[in-house]
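One-letter residues, chain by chain:
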Amino acid sequence: MSVYEKLKALNITLPEVAMPAAAYLPYMQTGNLVFLSGHIAKQNGQPWVGKLGENMTTEEGKQAARAVAVDLMGTLQHACGGDLNRVKRIVKVMSLVNSSTSYTEQHLVTNGCSELLGEVFGEAGKHARSAFGVAQIPLGCCVEIELMAELG
């Protein structure tokens with residue numbers, strides 16, 4: 001099954017690439033590697049605000065990370081010239097989780113992104129990963145994730 005058949009089966013429509021509101025690019029390619037800038041979680045088109053361990057549950061954070069994965073794939077599609085089938089491998093995901101000082105389930109939140117990438121890209125979606133708890137994310141968002149991929 002192609003990437004697009006999997007997306008359709010999951011009822012996922014990829015968004016257009018969002019242009020940054022600051023002094024950076026949404027992605028940068030060097031050789032066969034493409035680096036996607038951090039994408040913040042959004043809910044209904046607005047920043048998904050919250051702090052894990054304070055006013056958000058791990059399951060809510062996981063859903064936010066999954067939403068970020070959808071946005072990342074939209075940007076990655078743009079970086080691939082409109083064809084996600086060019087993705088040879090998702091290389092690495094780095095996740096920042098807005099967390100209280102006692103919260104320790106950042107890795108479970110990040111699974112929302114990792115699991116969706118695995119569903120969509122299969123073996124090519126398995127990746128290295130880091131998940132960090134941070135004191136704050138821009139706009140008070142609950143999750144920000146960046147991605148690195150290899151193109152074929």
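Quantities reported herein were computed from a predicted structural model and do not represent experimental measurements.

## Quick look at the side chain of T58
By the element assignment, T58 lies in helix α2 (residues 58–79). Every residue in contact with T58, bar those within four places of it in the chain, is listed here: L52, Y103, E105, L108 and V109.

## Topic: the UniProt feature "domain: Endoribonuclease L-PSP/chorismate mutase-like" (unreviewed entry) in the protein
In the numbering used here, UniProt assigns the feature "domain: Endoribonuclease L-PSP/chorismate mutase-like" (unreviewed entry) to residues 6–151. The span residues 6–151 is 29% helical and 30% strand by assignment, and the distance between its end C-alpha atoms comes to 19 Å.

## Focus: the state of the cysteines
Scanning the model with the defined rule gives 0 disulfides in all. C113 provides the cysteine sulfur closest to C80, a residue in no disulfide bond, and the two sulfurs are 15 Å apart. Left without a disulfide partner, C141 is nearest to the cysteine sulfur of C142, which lies 6.5 Å away. A relative accessible area of 0% places C141 in the buried class.

## Focus on the pattern of salt bridges
Tallied over the entire structure, the rule returns 4 salt bridges. Among the ionic pairs, E115 bridges to K62, the shortest N-O distance being 3.1 Å. Residue E115 is found in helix α3 (residues 106–121), and its partner K62 is found in helix α2; the two are separated by 53 residues along the sequence. Given a relative accessible area of 22%, K62 falls into the partly exposed group. The salt bridge involving K88 is made with E150; its shortest N-O contact spans 3.7 Å. Of this pair, K88 sits in strand β5 (residues 87–98) while E150 sits in strand β7 (residues 143–151), and the two are 62 residues apart along the sequence. A residue is classified by how much of its surface remains accessible, and K88, at 53% relative accessible area, is exposed.

What counts, and where the lines are drawn
- Residues numbered from 1 in each chain as written.
- Predicted model: local features only at pLDDT ≥ 70, side-chain atom pairs only at ≥ 80, totals over all residues.
- Heavy atoms only, no water.
- Helix = DSSP H or I, 4+ residues; strand = E, 2+ residues; numbered from the N terminus.
- Contact = heavy atoms within 4.5 Å.
- UniProt positions renumbered as here; feature names shortened; annotations may be inferred.
- Disulfide = S-S within 2.5 Å.
- Buried < 20%, exposed > 50% of the residue type's maximum accessible area, 1.4 Å probe, protein only.
- Salt bridge = Lys/Arg side-chain N within 4 Å of Asp/Glu carboxyl O.

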